[in-house]
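Close look at the chain arrangement
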Amino acid sequence: YGITVYGNVYTGSYRESVVEFRKKGFERGYYENSSVPTLKVRGFLSTVIAPSVREGLQSLLCCAGLGVLRPNTLVLGYKEDWKNEMRMEEKKLASDTGDLTVNNYVDMIRDGFKMGMGVMVCRNLKKLEWNYEAETTDKTIDIYWLVDDGGLTLLIPYILSLHVWWQQRTGAGERKVPLQLILVGDIDSCNTVQTLVDLFRIPCKIKRCPLNLGKTSEALEKYSKPKVVAKVREESKGKLEHWLKIGELIQTESKNALMVFVTLPYPLVGIEPELYMKWLDALSTTVPTVLIRGNNE
């Protein structure tokens, strides 16, 4: 389904790092993970020397691929240690996160969008038992497609559903993965998404769920402390309750799903990185989750 490039950043100065870079074989351009033979995880390996992880990513975004054969989606892991960094910052202590700070991490997501790429942030994938024999279950792959991003949020789960690995682990053993599209919002927005699904002709079960905005929740009380909200630009405040409510809905409706795909919030300029990470945390706390957003193309 396209070229796969595994990006790697070797941090340091070029003059001081190039010899070690070559000793470790980073200039070789092939990667394969054979721990799960049936998945055939392989692709090109592209390693760059850069002063920081973010600058290395920017170089990879510009250069990865061959001519017109280039990736169109940036895939990142979730920064699990962001809370520790925030605590260290509050106590005015030095953090051991190096140059990959919360600020830089959020900026990397923003860099992917600026390059015109789709962006995926993956979390809890280690909870999937990749190496074990398939067990027949009736689990689903749940999709929360919240904005029209060009269709990537729906397309990626559909492509996964065509692979035998997923077919063996969902749908009670049938040769068809049950994709469940959960529509959230008012009638007009749900109808718009329904029209797009019909246009793409992707088979999936559709379920509509109300969001119940305005109702007090534990999540809202947890994340809407004045010291946090006061730092955010005025237009970002209204999105706080929306994303936290989506997170509550996912925990309720998809607690037994094999995997969840949900629209990745866009990191607006001016939003505090700490608050943005709280949104991502609320959307991906429990089951294996992919936060995904296309480039509207």
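Refer to the structure above for everything that follows.
Procedures and definitions
Residues numbered from 1 in each chain as written. Predicted model: local features only at pLDDT ≥ 70, side-chain atom pairs only at ≥ 80, totals over all residues. Heavy atoms only, no water. Pairing = 2+ DSSP bridges. Helix = DSSP H or I, 4+ residues; strand = E, 2+ residues; numbered from the N terminus. Axes fitted to C-alpha atoms, helices over the stretch in contact; angles between N-to-C directions. Contact = heavy atoms within 4.5 Å. Phe/Tyr/Trp six-rings, centres within 6.5 Å; stacked < 30°, edge-to-face > 60°. Buried < 20%, exposed > 50% of the residue type's maximum accessible area, 1.4 Å probe, protein only. Polar contact = N/O pair within 3.5 Å; in protein donor to acceptor, adjacent residues only side chain to side chain. Core = buried A, V, L, I, M, F, W, Y, C linked by side-chain atoms within 4.5 Å.

**A word on the sheet that holds strand β9 (residues 259-263)**
Pairing is mixed across the open sheet formed by 7 strands, whose spatial order is β4-β5-β10-β9-β6-β7-β8. Where the open sheet ends on each side, the last strands, each with one partner, are β4 (73-77) and β8 (205-209). Each neighbouring strand pair of the sheet contributes to a mean axis angle of 20°, computed without reference to strand direction. With 5 bridges connecting them, β4 and strand β5 (residues 118-123) associate as parallel partners. Paired with Leu74 across the strands is Val119, a residue of β5.

**Things to note about the sheet that holds strand β2 (residues 30-33)**
Pairing is mixed across the open sheet formed by 3 strands, whose spatial order is β1-β3-β2. Where the open sheet ends on each side, the last strands, each with one partner, are β1 (5-11) and β2. Neighbouring strand axes in the sheet, compared pairwise and without regard to direction, differ in orientation by 40° on average. By the bridge criterion, 4 bridges tie β2 to strand β3 (residues 41-50) in an arrangement that is antiparallel. Along β3, the bridge assignment pairs Asn33 with Val41. Of the strands in this sheet, β1 and β3 are in contact with helix α1 (residues 14-23), which crosses β3 at around 145°. The sheet strands contacting helix α2 (residues 53-63) are β1 and β3, and the helix crosses β1 at an angle near 140°.

**Considerations on the packing of aromatic side chains**
One pass over the structure, following the stated rule, counts 5 aromatic pairs. The interplanar angle of 40° and the centroid separation of 5.0 Å between the aromatic rings of Phe113 and Tyr266 together place this pair among those described as tilted. With Phe113 in helix α4 (residues 102-114) and Tyr266 in the loop between β9 and α11 (273-283), this residue pair connects regions lying 153 residues apart in the sequence. Under the relative-accessibility criterion, Phe113 is labelled buried at 11%.

**What about the side chain of Ser161?**
In this structure, Ser161 sits in helix α5 (residues 152-161). Within the local environment of Ser161, its side chain forms a polar contact with the backbone oxygen of Tyr158, the two atoms lying 2.5 Å apart.

**Remarks on the nonpolar core**
With 42 residues, the main nonpolar core has Ile109, Tyr144 and Leu264 as its most contacted residues. In terms of residues, this core owes the most to one element, α11, which gives 7 residues. Setting aside its immediate chain neighbours within four residues, Tyr144 contacts Thr153, Ile182, Val184, Leu249, Ile250, Glu253, Ser254, Val260, Phe261, Val262 and Thr263. By size, the runner-up hydrophobic cluster in this structure holds 24 residues, among which are Leu128, Leu179, Leu183 and Met259.

So, to be careful, I would describe these as geometric facts and stop short of saying anything about function.
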